[in-house]
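This is what each chain is made of:
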Amino acid sequence: MRVDVVTIFPDYLAPLDLSLVGKARTAGLLDLRVHDLRDWTSDRHRTVDDTPFGGGAGMVMRPDVWGRALDDLLDEGSHLLLPTPSGTRFTQRTAERLATETHLVVACGRYEGIDARVAEHYATRSGVTVSEFSLGDYVLNGGEVAALVLVEAVARLLPGVVGNPESLVEESHGAAGLLEYPVYTKPPTWAELDVPEVLLSGHHGRIARWRRDQALVRTAARRPDLLDALAPDQLDAHDRAT
Ligand SMILES: COc1ccc2nc(C(=O)O)sc2c1
């Protein structure tokens, strides 16, 4: 998969050189390129914004500069992603869908946002998909943090990136559709708190059942909406009794 990220703060994306995503890039599993939007400016001051039509506070990012950048980067089959507070919610299901695609272009807005004609124009471009998304019900100062989240959430789903793909199933918001169960390691007692006895039993069936029950109880307590969203076949009779 190729991912192009366009931003006026390229250094904001430096964390993507580290850890799991960094390893995926080194292994050739992810072709990630970060671009400075100002490379597509044409004036001495490398201007990317201007005052909003209709008045109001702040500045708006210019469509002509974004147009030159996106014309260079978008191809047949590209998915243009625009982080924005007014976007649809980015979820694990979104990440799973994006992880099946070949080319993502993430346009990081700043100031009051990108001129609306940019999304409108590229939505009509043959072979290009455009999506505006938000991380959640809060507002950041720009799209870069959302880009970091998106790239990591997608990259870790690419084949070969995570050591044990099975771990993707039981993690929170994974294929099981539940929050993950609590995890423990040595020492068996810490701060006068013991590890649940069942986890020391070596009885794999009981351990699996205990973990499933913990995931269900946690999900019911913290995110009942996730339980409501489960398909009927995702809960067995024991689950329903828990
Ligand atoms: C101007 O660009 C922005 C500004 C705020 C913002 N907030 C996001 C969020 O997902 O919360 S994406 C995003 C993009």
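Before any of the text, the structure's been laid out above.
Residues numbered from 1 in each chain as written. Predicted model: local features only at pLDDT ≥ 70, side-chain atom pairs only at ≥ 80, totals over all residues. Heavy atoms only, no water.

**Describing the overall build of the protein**
Argument step 1. Along the backbone of the protein there are 9 helices and 9 strands.
Argument step 2. Counting only C-alpha atoms and orienting by the principal axes, one finds that the protein spans roughly 70 × 40 × 40 Å.
Argument step 3. Considering the protein as a whole, with its 242 residues, one finds that 39% of them fall into the buried category.
Argument step 4. For the protein, contacts bridging at least 24 residues in sequence account for 73% of all contacts bridging at least 6.
Argument step 5. Accessible surface for the protein amounts to roughly 13900 Å². Of this, 53% is attributable to carbon and sulfur atoms.
Argument step 6. Positive and negative side-chain charges in the protein, numbering 25 and 36 respectively, have mean positions lying 2 Å apart. (Helix = DSSP H or I, 4+ residues; strand = E, 2+ residues; numbered from the N terminus. Buried < 20%, exposed > 50% of the residue type's maximum accessible area, 1.4 Å probe, protein only. Contact = heavy atoms within 4.5 Å. Areas by Shrake-Rupley, 256 points an atom, 1.4 Å probe, with all protein chains shown as cover. Lys, Arg positive; Asp, Glu negative; His and termini not counted. Charge placed at Lys NZ, Arg CZ, Asp CG, Glu CD.)

**A short note on the packing of aromatic side chains**
Argument step 1. Tallying each qualifying case throughout the model produces 2 aromatic pairs.
Argument step 2. Taken together, a centroid distance of 5.3 Å and an interplanar angle of 45° make the contact between F90 and F133 tilted. With F90 in the loop between β5 (78-89) and α3 (92-98) and F133 in strand β7 (residues 129-134), this pair connects stretches of sequence that are 43 residues apart. For the pair F90 and F133, one class covers both residues: buried. (Phe/Tyr/Trp six-rings, centres within 6.5 Å; stacked < 30°, edge-to-face > 60°.)

**Observations concerning the pairing of strand β2 (residues 31-36)**
Two faces belong to every sheet, and in a regular strand the side chains alternate between them.
Argument step 1. Sheet analysis places strand β1 (residues 2-7) next to β2, joined by 6 bridges and oriented parallel. Considered in β2, the bridge of T7 is made with D36.
Argument step 2. Traced from β1 through helix α1 (residues 19-26) to β2, the parallel crossover comes out right-handed. (Pairing = 2+ DSSP bridges. Right-handed = clockwise from strand over helix to strand, strands pointing away.)

**A closer look at the side chain of H103**
Argument step 1. With respect to the helices, strands and loops of the structure, H103 is situated in strand β6 (residues 103-107).
Argument step 2. Residue H103 is classed as buried on the basis of its relative accessible area of 8%.
Argument step 3. Looking at H103, its side chain comes within polar contact range of the side chain of S78, at 2.7 Å.
Argument step 4. In contact with H103, other than residues within four places in its own chain, are R2, D4, L73, G77, S78 and H79. (Polar contact = N/O pair within 3.5 Å; in protein donor to acceptor, adjacent residues only side chain to side chain.)

**Some details on the site of the ligand**
Argument step 1. The environment of the ligand is formed by 14 residues, the closest being G109, R110, L135, Y138 and L140.
Argument step 2. In this structure, Y138 approaches the ligand through a main-chain N or O atom, which is 2.9 Å from an oxygen atom.
Argument step 3. Contact with the protein chains hides 96% of the accessible area of the ligand, taken as 350 Å² for the molecule alone.
Argument step 4. With 3 residues, the top contributor of residues to the shell around the ligand is β5.
Argument step 5. Each residue belonging to the shell around the ligand can be placed in one class, and the counts come to 7 nonpolar, 6 polar and 1 charged. (Near = heavy atom within 4 Å. Nonpolar A, V, L, I, M, F, W, Y, C, P; charged D, E, K, R; others polar.)

**Some words on the pairing of β6**
Argument step 1. The buried count for β6 comes to 5 of 5 residues, which makes it a mostly enclosed element.
Argument step 2. Burial along β6 is two-sided: the residues H103, V105 and A107 and L104 and V106 are all buried.
Argument step 3. With 5 bridges joining them, β1 and β6 adopt parallel strand pairing. Paired with V5 across the strands is V106, a residue of β6.
Argument step 4. The pairing of β5 with β6 spans 4 bridges and is classified as parallel. When the sheet's bridge partners are listed, H79 is paired in β6 with L104.
Argument step 5. With α3 bridging β5 and its parallel neighbour β6, the resulting β-α-β unit is right-handed.

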